[in-house]
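# Tertiary structure, described
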Amino acid sequence: MRTSLKLASAAIGAAALLPLGVTTAMAADGSGNANLAPVALNGVNGSGTAMVTVKGDVVSVTLAAKGVLADQPHAAHIHFGADARHECPAAADDANKDGHLTTTEGGPAYGPVVVSLTKTGDTSPSSALAVDRFDTAPGGNLSYQRGDITVAPEVATAILAGQAVVVIHGVDYNGDGKYDGTAMSDLDPKLPAEATDPALCGVLKAAPVGAMATGGGGAAARPEQGLLLAGGALLLAGLGTGAYVVRRARTQA
């Protein structure tokens, strides 16, 4: 009878633990998509899209944009901060009321740089201003694709939670086709503000791998919901198996 009770406990335990383990493994995969729109006040007439695919702590990024300053390097990043608003900045974020938004003024909205979207080499925040390794927007168009970028676990989680923001930097306030002007960058006083102020911005909206539309206009079914349902079925099956074993043991006793 003791053996039978142990079997019953094992069946219940396995049924309860299995879906939790599967959920943990699945939660690290998915993707995020962003529509990039002009940052308020900065005079950019452009647009773009970005997609970030997440597999564990590795991401792949595809980005395209048009209408940015042609033939000039454009720093591009994924931003995230736990205390940020997880959104693009608004005109109200213009702290010094000079009619433009700097990268720092946008910080409360999108947070600090967590991934530098360089074409080659390092992709950490240390390369946030690695001007020679960012796309130069031939003809005003950006086209970027890079895979196998390792990120911190919290960054992968933020992307899947819809809390990360893609920002393309580089504006042309005076319309002369180059980065210049008397205002200097709040990030590097050796650079003009035009080179680092934000141009386009978009929040990465989560799209988990395996998401399936309901077909009736309702919300998509999330993988974790299916796993929870499956887990409930397994748990009930385990409880039923356990009860059967206990009843059988009592009958034999």
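These numbers come from a predicted model, not from an experiment. Every chain's residues receive numbers from 1 upward, in the order its sequence appears when written. With the structure being a predicted model, the display of local features is reserved for residues of pLDDT at least 70 and the display and counting of side-chain atom pairs for 80 or more, all residues being used for whole-chain, interface and lining totals. Side-chain measures here rest on the full set of heavy atoms in the structure, leaving out hydrogens and waters.

## Considering the overall build of the chain
When its secondary structure is counted, the chain shows five helices and nine strands. In this text, helices come from DSSP runs of H or I with a minimum length of four residues, and strands from runs of E with a minimum of two, each type numbered from the N-terminal end. Each helix and strand of the chain, ordered N terminal to C terminal, gives the series α-β-β-β-β-α-β-β-α-β-α-β-β-α. By residue count, 40% of the 253 residues in the chain fall in the buried class. Long-range pairs, those at least 24 residues apart, make up 71% of the contacts in the chain between residues at least 6 apart in sequence. Buried residues are those whose accessible area, probed at 1.4 Å on protein chains only, stays under 20% of the maximum for their type, while exposed residues exceed 50% and partly exposed ones sit between those limits. Working rule for contacts: check all heavy atoms of both residues, and any pair within 4.5 Å makes them a contact.

## A word on the state of the cysteines
When two cysteine sulfur atoms are found within 2.5 Å, that pair is recorded as a disulfide. A full pass over the atoms with the stated rule returns one disulfide. Bridging C88 to C201, the disulfide has an S-S length of 2.0 Å. Given an S-S torsion of about -95°, the disulfide between C88 and C201 has left-handed geometry. Taken together, the residues C88 in the loop between β4 (76-79) and α2 (103-110) and C201 in strand β8 (residues 198-203) connect sequence positions 113 residues apart. Take C88: its relative accessible area is 25%, and that puts it in the partly exposed class.

## A word on the pairing of strand β1 (residues 29-38)
Taken residue by residue, a regular strand's side chains alternate between the two faces of the sheet. Here, any two strands with at least 2 DSSP bridges between them count as paired. The pairing of β1 with strand β2 (residues 47-55) spans eight bridges and is classified as antiparallel. Paired with G32 across the strands is V52, a residue of β2. Of the strand pairs in this sheet, β1 and strand β9 (residues 205-206) are connected by two bridges, and their pairing is antiparallel. The residue bridging G32 from the neighbouring strand is A206, located in β9. Sheet topology places β1 next to β8; two bridges connect them, and they run antiparallel. Bridging from a neighbouring strand, A37 pairs with C201 of β8.

## Some points on the pattern of salt bridges
One side-chain nitrogen of Lys or Arg within 4 Å of one carboxyl oxygen of Asp or Glu is enough to make a salt bridge. Using the criterion set out here, one finds two salt bridges in the structure. Among the salt bridges present, the one from R85 reaches E87, with a minimum N-O distance of 2.5 Å. Overall, the relative accessible area of 36% leaves R85 in the partly exposed class. According to the relative accessible area criterion, E87 is partly exposed, its value standing at 33%. Note that R85 is salt-bridged to D93, the shortest N-O span being 2.9 Å. On the basis of relative accessibility, which here comes to 14%, the residue D93 falls in the buried class. One salt-bridge network, in which partners are shared between bridges, spans R85, E87 and D93.

## A closer look at the confidence of the model for the chain
Each residue carries a pLDDT value, the predictor's own confidence for that position, ranging from 0 to 100. The predicted model of the chain has a mean per-residue pLDDT of 80, with 71% of residues at 70 or higher. Of the regions scoring below 50 in pLDDT, residues 1-27 engages in 26 contacts with residues more than four places distant in sequence or in other chains. Of the regions scoring below 50 in pLDDT, residues 211-253 engages in 34 contacts with residues more than four places distant in sequence or in other chains.

## Topic: unusual backbone geometry
Notably, H86 is not glycine yet its phi reads approximately 60°, a positive angle. Note on placement: H86 falls in the loop between β4 and α2. Although it is not a glycine, K97 sits at a positive phi angle of roughly 55°. Relative to the helices and strands, K97 resides in the loop between β4 and α2. Overall, the relative accessible area of 61% leaves K97 in the exposed class.

## Some thoughts on the environment of H86
Measuring from C-alpha to C-alpha, the distance between H86 and A158 comes to 9.4 Å, with 72 residues separating the pair along the chain. The residues contacting H86, other than those within four sequence positions of it, are F80, G81, A109, Q163, V165 and V203. Whenever two N or O atoms come within 3.5 Å, that pair is a polar contact, provided that in protein one can donate a hydrogen and the other can accept it, and provided that, for residues adjacent in sequence, both atoms are side-chain atoms. Among the polar contacts made by the side chain of H86, one reaches the main-chain carbonyl oxygen of Q163 at a distance of 3.3 Å.

## As for the pairing of β8
Of all six residues in β8, six are buried, a share of seventy percent or more. Bridge analysis of strand β7 (residues 165-169) against β8 gives five bridges, and the strand direction is antiparallel. Residue I168 lies in a different strand from β8, and its bridge partner there is L200.

## Some remarks on the environment of S143
Take S143: it is sitting in strand β6 (residues 141-150). Residue classification places S143 among the exposed residues on the basis of a relative accessible area of 61%. Put simply, S143 and G48 are 95 residues apart on the chain and 9.7 Å apart in space, counted from C-alpha to C-alpha. Residues in contact with S143, not counting those within four places in the same chain, are L63 and D135.

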